[in-house]
Amino acid sequence: MKFGLTSQALRSYVPLIADEVLQYIQKSRVFPAAKGAFDVVKAMAEITIFTASRSLQGKEVREKVDSTFAQLFHDLDMGFAPINFLLPWAPLPHNRKRDRAQRKMAETYMEIIRKRREAGNKKDSEDMVWNLMSCQYKNGTPVPDIEIAHMMIALLMAGQHSSSSTISWIVLRLASRPDITEELLEEQKRVLGEDLPPLTYDDLQKLRLHQQVIRETLRLHAP
């Protein structure tokens, strides 16, 4: 799993994440006009799924991640309640939805893996699915495809809550402080240039105020 968290991998994620956020703002029904109100928590959760799937999981996974997939993710997520750890088999409506969502999501990943194997395992990109497809356990046994699918679901869920909740708090806090929002924009123009070129990993290290906003949000609202 460390394959997806190297500095080289993180460098490659920044433009992908920036592109996903811009596309979401331009195309989503959440932002139909320049002004208005929207459900911050729901929107940031969707953005997090889209950016995580695009960066960590590969273009094929991202192509399949839409509002339907987001609903499956929600149904699976609702299975993480105290009663589920005591009675995971209980015939409750949200348990049935949880199990259906898990099967559907696993089938999605299995289909991607199957198509890659049928195409001769020829890599056209670097992502976590390709990485796990070439992995073996210590005894030399290749990781089974169904286990790869399950690992990919776990990976998608692993950082979703902490990331989306932190981003939501940043947006909510900035909404109450438009003066800081303006300072952030001015910092970008000053450091990156008035035309605001595409963001890079190295650019992030230069944006001091941006880093401080993130740290202060984490201090006030630790996920």
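Everything below is about the structure shown above.
This structure is a prediction, so every number in the text was calculated from the model and none was measured.

This part takes up the nonpolar core. Formed by 36 residues in total, the largest nonpolar core has its most connected members in Met105, Tyr109, Ile148, Met152 and Ile153. Among the elements of the structure, helix H1 (7-27), helix H2 (40-57), helix H4 (67-77), helix H6 (93-118), helix H7 (128-133) and helix H8 (145-158) are those that each provide at least two residues to this core.

Between its first and last C-alpha, H6 extends 37 Å over 26 residues, near the 38 Å set by a 1.5 Å rise per residue. For H6, the set of buried residues is Asn95, Arg98, Ala101, Met105, Ala106, Thr108, Tyr109, Ile112, Ile113 and Arg116. Looking at the residues trailing H6, positive phi occurs at glycine 120, about 90 degrees.

Attention shifts here to the pattern of salt bridges. As enumerated under the stated definition, the model contains 13 salt bridges in all. The partner of arginine 116 in a salt bridge is glutamate 60, with the nearest N and O atoms 2.3 Å apart. With arginine 116 in helix H6 and glutamate 60 in helix H3 (residues 59-64), this residue pair connects regions lying 56 residues apart in the sequence. Residue classification places arginine 116 among the buried positions, given a relative accessible area of 4%. Aspartate 203 is the salt-bridge partner of lysine 206, the closest N and O atoms lying 4.0 Å from each other. One end of the pair, lysine 206, and the other, aspartate 203, are both in helix H11 (residues 201-206), three residues apart, so they sit about a helical turn from each other. Taken together, the shared-partner salt bridges connect Asp19, Glu20, Arg54 and Arg62 into one network.

Mapping glutamine 57 onto the fold places it in helix H2. Under the relative-accessibility criterion, glutamine 57 is labelled buried at 1%. For the pair glutamine 57 and methionine 152, spaced 95 residues apart in sequence, the C-alpha separation works out to 7.6 Å. At 3.1 Å, the side chain of glutamine 57 and the backbone oxygen of methionine 152 are in polar contact.

A separate point is the side chain of aspartate 77. Here aspartate 77 lies in helix H4. No salt bridge is formed by the buried aspartate 77. Its closest oppositely charged neighbour is arginine 98, at 11 Å. Leaving out residues up to four positions away in the same chain, aspartate 77 has contacts with Met157 and His161.

Moving on, we get to a negative patch on the surface. A cluster of acidic residues, Glu182, Glu186, Glu194 and Asp195, forms a negative patch on the protein surface. Relative to the elements of secondary structure, aspartate 195 occurs in the loop between helix H10 (178-192) and H11. Its relative accessible area of 63% is what places aspartate 195 among the exposed residues.

What follows covers the packing of aromatic side chains. Under the criterion given, the structure shown has four aromatic pairs. Note on tyrosine 24 and phenylalanine 50: the rings are 6.0 Å apart at their centroids and 50 degrees apart in plane angle, and the pair reads as tilted. Within this pair, whereas tyrosine 24 is found in helix H1, its partner phenylalanine 50 is found in helix H2, the two being separated by 26 residues in sequence. Tyrosine 24 gets classed as buried once you look at its relative accessible area, which sits at 6%. Its relative accessible area of 10% is what places phenylalanine 50 among the buried residues. Residues phenylalanine 80 and phenylalanine 85 carry aromatic rings whose centres are separated by 6.4 Å and whose planes lie at 55 degrees to one another, so their mutual orientation is tilted. Taken together, the ring pairs connect Tyr24, Phe31, Phe38 and Phe50 into an aromatic cluster.

Now for unusual backbone geometry. Among all residues except glycine, the phi angle is most often negative; among peptide bonds, the trans geometry is most common. Unlike most non-glycine residues, leucine 196 shows phi in positive territory, near 50 degrees. The topology assignment puts leucine 196 in the loop between H10 and H11.

Parameters at a glance
- Residues numbered from 1 in each chain as written.
- Predicted model: local features only at pLDDT ≥ 70, side-chain atom pairs only at ≥ 80, totals over all residues.
- Heavy atoms only, no water.
- Core = buried A, V, L, I, M, F, W, Y, C linked by side-chain atoms within 4.5 Å.
- Buried < 20%, exposed > 50% of the residue type's maximum accessible area, 1.4 Å probe, protein only.
- Helix = DSSP H or I, 4+ residues; strand = E, 2+ residues; numbered from the N terminus.
- Expected span 1.5 Å × (residues − 1).
- Salt bridge = Lys/Arg side-chain N within 4 Å of Asp/Glu carboxyl O.
- Polar contact = N/O pair within 3.5 Å; in protein donor to acceptor, adjacent residues only side chain to side chain.
- Lys, Arg positive; Asp, Glu negative; His and termini not counted.
- Contact = heavy atoms within 4.5 Å.
- Patch = residues over 30% accessible without salt bridge, like charges linked within 9 Å, V, L, I, M, F, W, Y side chains within 5 Å.
- Areas by Shrake-Rupley, 256 points an atom, 1.4 Å probe, with all protein chains shown as cover.
- Charge placed at Lys NZ, Arg CZ, Asp CG, Glu CD.
- Phe/Tyr/Trp six-rings, centres within 6.5 Å; stacked < 30°, edge-to-face > 60°.

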